[in-house]
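A structural walkthrough
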Amino acid sequence: MKKPSRRQFFKIMGATGAALLAGRSGTSASELHQVNNDTIGMLYDATKCVGCKACMSACKRVNSDYGSLAYEQASFDSDGLWDAPQDLSGSTRTLIKLFKESDKEWSYVKYSCMHCQKPSCVSVCPVSAMTRDKLTGTVDYNKDACIGCRYCQIACAFNIPKFQWDKAIPQIVKCDLCKNTNLLKKGITACAETCPVGAIMFGKRKELLEEANKRLRENPGRYVNHIYGEKEVGGTNHLYLSGMQFNKLGLPILKEEAPAEFSEKIQHTIYKGFIAPVALYSTLCFVAIKNMKKGQESDGKDPIDGPEGQGGDHR
Amino acid sequence: MSHDEYQKHDAKILTPSFIVLLTLTLIGFALVAVRFIKGIGAVTNMSDGYPWGIWITYDVATGTAIACGGYAMAILIYIRNHMHYHPMIRSAILTSMFGYGLAGFSVMVDVGRPWNAYNFFIPSKWQLNSAMFEVALCVMAYTTVLLMEFLPAVLTTLEKTEWKTLQLLLDMLYSRMGMKRPERIGDRLDKVKDLAAWAKPRLDKVLIFIIVLGITLPTMHQSSLGSLLLIASTKLHPLWHTGFLPLLFLINCMFIGYSIAILESVISCYAFKRPFETKELSGMARIIPWLTVIWLSVVVGDLAWRGQLGAAVSFDFYSRFFLLEFCLVAGGSLLMFSGKKRESIRWLFVSAALIVLGGALYRFNVYLIGFNPGKGWHYFPALAELLITVGIVAFEILGYQVIVKILPVLPKLHTRKQLDSELGLAEKA
């Protein structure tokens, strides 16, 4: 009695393992994402930025308490004083920082959502609160769907989505390219419109890439020869040019494969067509019922539909 | 075998440990109220860098593994056909029910916008790429399954009850109010009894399909608990970030499940002054080392394949936690391989405790210790945050303590003797 059941048990274990193993190698072409260069984004040139933070205040002014984020109130609103945020937060979508290595070597950097071509936050959100607009490529957030699980924060390689820790009714806050505010009214993001030195260029991804390549070509020595975001995590719509190594500016060194492709590949292999769970359930039912009947035969009593309806020995 | 193999534990409910646990529970729940009034930041040290703290790491990721006793026992009994363990399953299911139910409760405390959770039931909002979606649905379904698996214990009691306590209480209430107790209350109580008697055999007939569902669902979501961290390829340390995370979490929950079933039995026999179930436990302990050996070989093989063996023995911060986790599991398994040590309750307890600790540390390593969102972020749980977790655990133990005293959950003592002789026969054969 013991041996066949043990063998069956290991068979099931093996099948599960095999499915998982297959997940590592199996790639279907349809799942590979393609970069869409007609989507919109921004090119930030750190060598042009003068660190005036006009983009930050423009962002807060335009997106403060309406649009898609009805809850955000900039913290300076109450007393009307400018208070410079230290980091992106539940009330700050974009931020300028200065990285100073020595008196001669320094650079500003602007943080905001990278609007990935294959965004991790969209891939992990269980209730589709994070979405990527197919046409514009904008990664947007819907607070009416969000359950506040913060998986998007775990998933984002750039630590962009921010949570309102101090609120009883919190939400996630991140840049949505002024989708419902400045972009709707004026066709350009507030930060790009405001920048007095043209450090932020707004446009289609292909135009931004052309411009970035042109600047790299025409100004040898001025830049690190790399467009950050062109290939990183499958490509982002927010692109960077800089004179300083990007990782020194807090932009992590990342692989070209989008993390979401790796995780989805494994998840899809296990749950393809929901076959594996159904197969597992039916196999287990078969084994369990067989075992139960065997037990009854050897007992020689207590049949499954007994007169008292005791229902066998499963309880 | 039938409902008669279980019995109520006859003892007082109001014990000193009851008072202590109740106090801890009340403190925890008061702090939960603070969290809902003032926001999550008011009671926790979680940050945008560490958006998942001790609540997700312990209450959900580790707590559900510790609640896998019911899952592991169900595999042992119904799939591997060891029916003689059947008397032990009800207490295992009870702890699983508390573990999972309270993990679900913790999630509702942890998420920022719980009122939107109905979106899980709206197909247009489903996001099938998300491991979180799978975990959430499976955990909800499994908690329901556990409730149904436990229902026979409730129905048997309802069927046979004479409502003594309730009758007394009602009499007291009505006499206080100076009224006579109306007849229809008695009729209604009888109706409940009839309903229970009607439902029980019907539930019994379909129960095996529910039980098998109770094996399928944890297989799915325990592996998905590992899948949750697949996406964090840049944040989770390479010692733990691997495509095998789902498989490792699945095997991990199985050996934790069997080990915790041993611990629970030893502790409850000790606390309730019942004879130890040494024979069943040592039989169960035979399975554990095989599971841990598979797990450890996947861990080592995968590290070797990804060229991370050097990192594993570099003795830096991460390596130390990895080695600790590894040694706890390996040490506990080595003890359990020895047949003699398996016969001793003390060694069974020690080795099972080592394995549970090691297995739980693995989950902590994946969710918290090996997770590094970048420079400048630190996390250590706040006192209030810890007290909420403590309150939830206290509530689990409290609930178990009370329920085994009012419902037939623990194995009946005289059947245990029969069981021992059956086991003896089986071993001779």
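Residues numbered from 1 in each chain as written. Chains lettered and ligands numbered in written order. Predicted model: local features only at pLDDT ≥ 70, side-chain atom pairs only at ≥ 80, totals over all residues.

1. Quick look at the overall build of chain B
Helix and strand content of chain B: 16 helices and two strands. Computed over its C-alpha atoms, the radius of gyration of chain B comes to 23 Å, within 12% of the 22 Å expected for a compact globule of 429 residues. Reported as C-alpha extents along the three principal axes, the dimensions of chain B are approximately 75 × 65 × 45 Å. Burial analysis of chain B (429 residues in total) assigns 49% to the buried set. (Helix = DSSP H or I, 4+ residues; strand = E, 2+ residues; numbered from the N terminus. Rg over C-alpha atoms; globule rule 2.2 N^0.38 Å. Buried ≥ 20, exposed ≤ 12 C-beta atoms within 10 Å, placed from the backbone.)

2. A few points about the overall build of chain A
Tallying secondary structure elements over chain A gives nine helices and nine strands in all. Restricting to contacts in chain A with at least 6 residues of sequence separation, those with at least 24 account for 61%. (Contact = placed C-beta atoms within 7 Å.)

3. Some thoughts on the domain arrangement of chain B
All names here are of chain B. Structurally, chain B comprises domain 1 (1-156 + 206-228 + 381-419) and domain 2 (232-243 + 282-379). One C-alpha centre belongs to domain 1, the other to domain 2; they are set 23 Å apart. Listed per partner, the contact involves 14 residues of domain 1 and 11 residues of domain 2. Looking at which element gives the most residues to the side of domain 1 that touches domain 2, the answer is helix α2 (residues 54-66), with six residues. Taken together, the residues of the side of domain 1 that touches domain 2 break down into eight nonpolar, six polar and no charged. (Domains from an automatic or database assignment. Nonpolar A, V, L, I, M, F, W, Y, C, P; charged D, E, K, R; others polar.)

4. Digging into the interface of chain B and chain A
At the junction of the two partners, chain B supplies 62 residues and chain A supplies 64 residues. Among the secondary structure elements, those contributing two or more residues to the side of chain B that touches chain A are α1 (16-38), α3 (69-79), α5 (131-160), α7 (184-227) and α8 (245-271) of chain B. In terms of residue count, the dominant contributor to the side of chain B that touches chain A is α7(B) (14 residues). Tallied by class, residues from the side of chain B that touches chain A come to 36 nonpolar, 19 polar and seven charged.

5. With respect to the sheet that holds strand β9 (residues 238-241) of chain A
All names here are of chain A. In spatial order, the strands read β8-β1-β9; together these three strands make up an open sheet with mixed pairing. Edge strands, defined here as strands with exactly one partner in the open sheet, are β8 (200-204) and β9. Strand-to-strand twist across the sheet, computed as the mean angle between neighbouring axes with direction ignored, equals 20 degrees. Sheet topology places strand β1 (residues 40-45) next to β9; four bridges connect them, and they run parallel. Along β9, the bridge assignment pairs D45 with L241. Each of β1, β8 and β9 touches helix α7 (residues 205-218); the most contacted strand, β8, lies at about 135 degrees to it. (Pairing = 2+ DSSP bridges. Axes fitted to C-alpha atoms, helices over the stretch in contact; angles between N-to-C directions.)

6. Concerning the packing of α2(B) against helix α14 (residues 345-369) of chain B
All names here are of chain B. The contact between α2 and α14 brings their axes to 10 Å, and the two run at 145 degrees. Pair α2 / α14 crosses with right-handed handedness. Residues I56, T57, A61, T62, A65 and I66 of α2 lie in contact with α14, whose contacting residues are G359, A360, R363, F364, Y367 and L368. The residue inventory of the contact of α2 with α14, partitioned by class, reads eight nonpolar, three polar and one charged. (Left-handed = near helix turned anticlockwise from the far one by under 90°.)

7. Quick word on unusual backbone geometry
All names here are of chain A. Residue K53 is not a glycine yet carries a positive backbone phi of 65 degrees. Along the polypeptide, K53 turns up in the loop between β1 and α2 (54-63). Overall, K53 belongs to the partly exposed group, with 19 C-beta atoms counted inside 10 Å. Backbone geometry places R150, a non-glycine residue, at a positive phi of 70 degrees.

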